[in-house]
Amino acid sequence: MNLSGWGRFPQVDSRVLRPRTPEAVADALAGGRAIPRGNGRAYGDAAVSHGVTLDLRGLDRMLAFDPATGQLVAEAGVLLSDIIDAFLPRGWFPLVTPGTRFVTLGGMIAADVHGKNHHRAGSMAESVDWVEVMVAPGQVRRAARDENPELFEMTCGGMGLTGPILRAAIRLQRVDSGWIRQDSIAAPDLDAALAAFEARMAATYSVAWIDCLASGRSLGRSIVMTGEHARLAELDNRRRLRPFAIPAKRRLSVPFDLPGLALNRWTVGAFNAAYWRQGRRGAGPRLVDWQSYFYPLDAIDGWNRIYGRRGFAQWQVALPLDRAAVGLRALLAEIAAAGQGSFLAVLKRFGPGRGGLSFPVEGYTLALDFPATPAALALMDRLDALALAQGGRFYLAKDARMTAATFARAEPRLPGFQRFRSAAGLDLRFASAQSERLNL
């Protein structure tokens, strides 16, 4: 079947198998090189194969939970949304969450996802106690920090290229409510935005929307939003009675592909200007529900159709702390000059990174969406070069079009990952369209 990631670009013809048991996974792996796939929320071609794509959503059972430690054992196809639905009413929430809850546990680990609290909690691997990986048909290995540690490091962030994750044990955190104390700061330029992040490093969560079309003295103007899980004493009487109940939300949807001209420098510019005005008026503290703070785009079904049939490519870079300001300024200036603005532009502060091919590096990360047009793809090539000049690193879970040469320049850990795969014979068993493109 024709298959893609969430960006709907590129499209790949693949043989899709849907095993529902570990034994069926082993049988599927006997059919040639394969790549595991969760709910299809990687943006590009990381979870599609020119050979066999293993849809693992059938491995979807939660197996055990320890209320003393918050440890959950579950199969890899369990959705994060199902974990939240089951455990938030009992006072537990994920330690790390990406910007959508419609991802599988296995996909979160394979991408070593990060959230708005990376500067405090690190990436997904920090909340993983162990994983079970099928490294060959019928051969399952448990990996943890003290058991097969190299397999653990290479699996967390390895984009499924060490084999399908079958089960994992992760830790959840205790929370008092489903509400977040959000504080919004209107930063008139990039320097003010970075200063706001640095001044609020003690905040549990922080993220910024950034206007990537603003230029001149307004270059990098942002709305920085910090967050804390609200305690019972901070809720009013009505909310305190039902601390995990939030208002029902009207589901919006994009039922068809929008015309290709719907997103252009004028529509994106108008959206950014309106969002900036609204954010500036609403600056200050307020209570928001967990869905609105962590997953605003999940409220719109099929939002990827906004970009039309051609799809879109997301571009995300991490810049080291000592070079982030210079790098961000150069990137934003290039985007503004090109007039190819992204209306989904996000800036976050990262804490220290980790091994394997895990994406984060201590500093700042900028994520942008662009329609998959020739002009936008050419712009992303120029952004690659600017990021490389500042020691930037690129996120495989978002990539759809980077060259192997660019990735090799950005990633000094790549040879070690290649050696590990080759020594274990994993390169003969597991491959994605992305791994073939990037020579992973």
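Use the structure listed above.
Quick look at the structure, then. All figures in this text were calculated on a predicted structure; none of them were measured in a lab.

### Notes on the overall build of the protein chain
- Summing up its helical and strand segments, the protein chain has 14 helices and 21 strands in all.
- Taking 2.2 N^0.38 as the reference for a compact globule, 440 residues should give roughly 22 Å; the C-alpha atoms of the protein chain span a radius of gyration of 21 Å, in line with that estimate.
- With the C-alpha coordinates aligned to their principal axes, the bounding extent of the protein chain is approximately 60 × 55 × 45 Å.
- Classification of the 440 residues of the protein chain by burial places 57% in the buried group.
- Residue pairs in contact within the protein chain that sit at least 24 positions apart in sequence constitute 75% of those at least 6 positions apart.
- Roughly 17500 Å² of accessible area belongs to the protein chain as shown, and the carbon and sulfur atoms make up 53% of that amount.
- Charged side chains in the protein chain number 54 positive and 41 negative. The centres of these two groups are separated by 5 Å.

### Quick word on the side chain of serine 14
- Checked against the element boundaries, serine 14 lands in the loop between strand 2 (12-13) and strand 3 (15-17).
- For serine 14, a relative accessible area of 5% corresponds to the buried category.
- At a separation of 2.6 Å, a polar atom in the side chain of serine 14 contacts the side chain of threonine 53.
- Apart from the residues lying within four places of it in its own chain, the contact partners of serine 14 are Met1, Leu3, Ser49, Gly51, Val52 and Thr53.

### Some remarks on the side chain of arginine 393
- One can find arginine 393 in strand 21 (residues 393-394).
- In terms of polar contacts, arginine 393 uses its side chain to reach the backbone carbonyl oxygen of serine 358, at 3.4 Å.
- If near-sequence neighbours (up to four positions away) are discounted, arginine 393 is found in contact with Gln316, Val317, Ala318, Ser358, Phe359, Pro360, Val361, Ala410, Glu411 and Arg413.

### Re the packing of helix 10 (residues 321-338) against helix 11 (residues 374-389)
- Between helix 10 and helix 11, whose axes approach to 9 Å, the crossing angle comes to 165°. Between helix 10 and helix 11, the interaxial angle falls into the category roughly antiparallel. For the element pair helix 10 and helix 11, the recorded crossing hand is right-handed. Across from Arg323, Ala330, Leu331, Glu334, Ile335 and Ala338 in helix 10, the residues of helix 11 making contact are Leu379, Arg382, Leu383, Leu386, Ala387 and Ala389.
- Along the lines of polarity and charge, the residues of the contact of helix 10 with helix 11 split into nine nonpolar, no polar and three charged.

### Some details on the environment of alanine 338
- In this structure, alanine 338 sits in helix 10.
- Setting aside anything within four residues of it in sequence, one finds alanine 338 in contact with Arg265, Leu379 and Arg382.

### A look at the nonpolar core
- If you look at the biggest cluster of nonpolar residues, it comprises 113 residues, and the most contacted ones within it are Ile109, Met124, Val131, Trp315, Leu368 and Phe370.
- Looking at this core element by element, the count peaks at six residues for helix 11.
- Apart from the residues lying within four places of it in its own chain, the contact partners of tryptophan 315 are Leu331, Leu366, Ala367, Leu368, Phe370, Met380, Leu383, Asp384, Ala387, Phe394 and Arg401.
- In terms of nonpolar packing, the next biggest core, distinct from the first, is built from twelve residues, Leu213, Val254, Tyr307 and Phe343 among them.

### Details of the sheet that holds strand 21
- Strand order across the open sheet formed by eight strands is 16-12-14-13-19-20-18-21, with antiparallel pairing between neighbours. Each edge of the sheet is formed by a strand with only one pairing partner; in this case those strands are strand 16 (284-289) and strand 21.
- Examined bridge by bridge, strand 13 (residues 205-210) and strand 19 (residues 346-350) share two bridges and lie antiparallel to one another. Following the sheet pairing, alanine 208 is matched in strand 19 by leucine 347.
- Running at roughly 40° to strand 19, helix 6 (residues 190-199) makes contact with strand 12 (179-187), strand 13, strand 14 (222-229), strand 19 and strand 20 (363-371) of the sheet.
- Its contacts with the sheet put helix 11 on strand 18 (312-320), strand 20 and strand 21, and the angle it makes with strand 18 is roughly 10°.

### Points about the pattern of salt bridges
- In the structure shown here, the tally under the stated rule is 26 salt bridges.
- Across the pair aspartate 298 and arginine 101 runs a salt bridge, and its minimum N-O distance is 3.3 Å. Note that aspartate 298 is positioned in the loop between helix 9 (290-294) and strand 17 (300-301) and arginine 101 in the loop between strand 8 (92-94) and helix 3 (105-110), a separation of 197 residues in sequence.
- The class of aspartate 298 is buried, set by a relative accessible area of 4%.
- With relative accessibility at 10%, the residue arginine 101 sits in the buried group.
- Each of the salt bridges in this network shares a partner with another, and the network as a whole consists of Arg18, Asp55 and Arg57.

### Here we look at the sheet that holds strand 5 (residues 52-55)
- Sheet architecture is open: three strands sit in the order 3-5-4, paired in parallel fashion. Two strands lie at the open edges of the sheet, namely strand 3 and strand 4 (34-37), each paired on one side alone. Direction aside, the axes of adjacent strands within the sheet are offset by 25° on average.
- Direction of pairing for strand 4 relative to strand 5: parallel, over a ladder of four bridges. For proline 36, the partnering residue across the bridge sits in strand 5 and is leucine 54.

### A word on the packing of aromatic side chains
- Considering all chains together, one arrives at 19 aromatic pairs under this definition.
- Ring geometry for tyrosine 293 versus phenylalanine 294: centroids 5.2 Å apart, planes at 90°, classification edge-to-face. The same class applies to tyrosine 293 and to phenylalanine 294, which are both buried.
- Ring plane angle 25° and centroid distance 4.4 Å describe the contact between tyrosine 307 and phenylalanine 312, whose orientation is recorded as stacked. As far as burial versus exposure is concerned, tyrosine 307 and phenylalanine 312 are alike and both buried.
- Grouping aromatic residues by their ring pairs yields a cluster made of Phe93, Tyr205, Trp290, Tyr293, Phe294 and Tyr295.
- Over the face of the ring belonging to tryptophan 6 we find arginine 41, whose NZ or CZ atom lies 3.7 Å from the ring centre.
- Sitting over the face of the ring of tryptophan 179, arginine 239 holds its NZ or CZ atom 4.3 Å from the ring centroid.

### Examining the pairing of strand 12
- Relative to strand 16, strand 12 runs antiparallel, the two sharing six bridges. Counterpart to tryptophan 179 in the pairing with strand 16 is aspartate 289.
- Direction of pairing for strand 12 relative to strand 14: antiparallel, over a ladder of eight bridges. If you follow aspartate 183 over to strand 14, its bridge partner there is threonine 226.

About the criteria used
Residues numbered from 1 in each chain as written. Predicted model: local features only at pLDDT ≥ 70, side-chain atom pairs only at ≥ 80, totals over all residues. Heavy atoms only, no water. Helix = DSSP H or I, 4+ residues; strand = E, 2+ residues; numbered from the N terminus. Rg over C-alpha atoms; globule rule 2.2 N^0.38 Å. Buried < 20%, exposed > 50% of the residue type's maximum accessible area, 1.4 Å probe, protein only. Contact = heavy atoms within 4.5 Å. Areas by Shrake-Rupley, 256 points an atom, 1.4 Å probe, with all protein chains shown as cover. Lys, Arg positive; Asp, Glu negative; His and termini not counted. Charge placed at Lys NZ, Arg CZ, Asp CG, Glu CD. Polar contact = N/O pair within 3.5 Å; in protein donor to acceptor, adjacent residues only side chain to side chain. Axes fitted to C-alpha atoms, helices over the stretch in contact; angles between N-to-C directions. Parallel < 35°, antiparallel > 145°, perpendicular 65-115°, else oblique. Left-handed = near helix turned anticlockwise from the far one by under 90°. Nonpolar A, V, L, I, M, F, W, Y, C, P; charged D, E, K, R; others polar. Core = buried A, V, L, I, M, F, W, Y, C linked by side-chain atoms within 4.5 Å. Pairing = 2+ DSSP bridges. Salt bridge = Lys/Arg side-chain N within 4 Å of Asp/Glu carboxyl O. Phe/Tyr/Trp six-rings, centres within 6.5 Å; stacked < 30°, edge-to-face > 60°. Lys NZ or Arg CZ within 6 Å of the ring centre and 35° of its normal.

The values reported here are purely geometric and, on their own, carry no functional implication.
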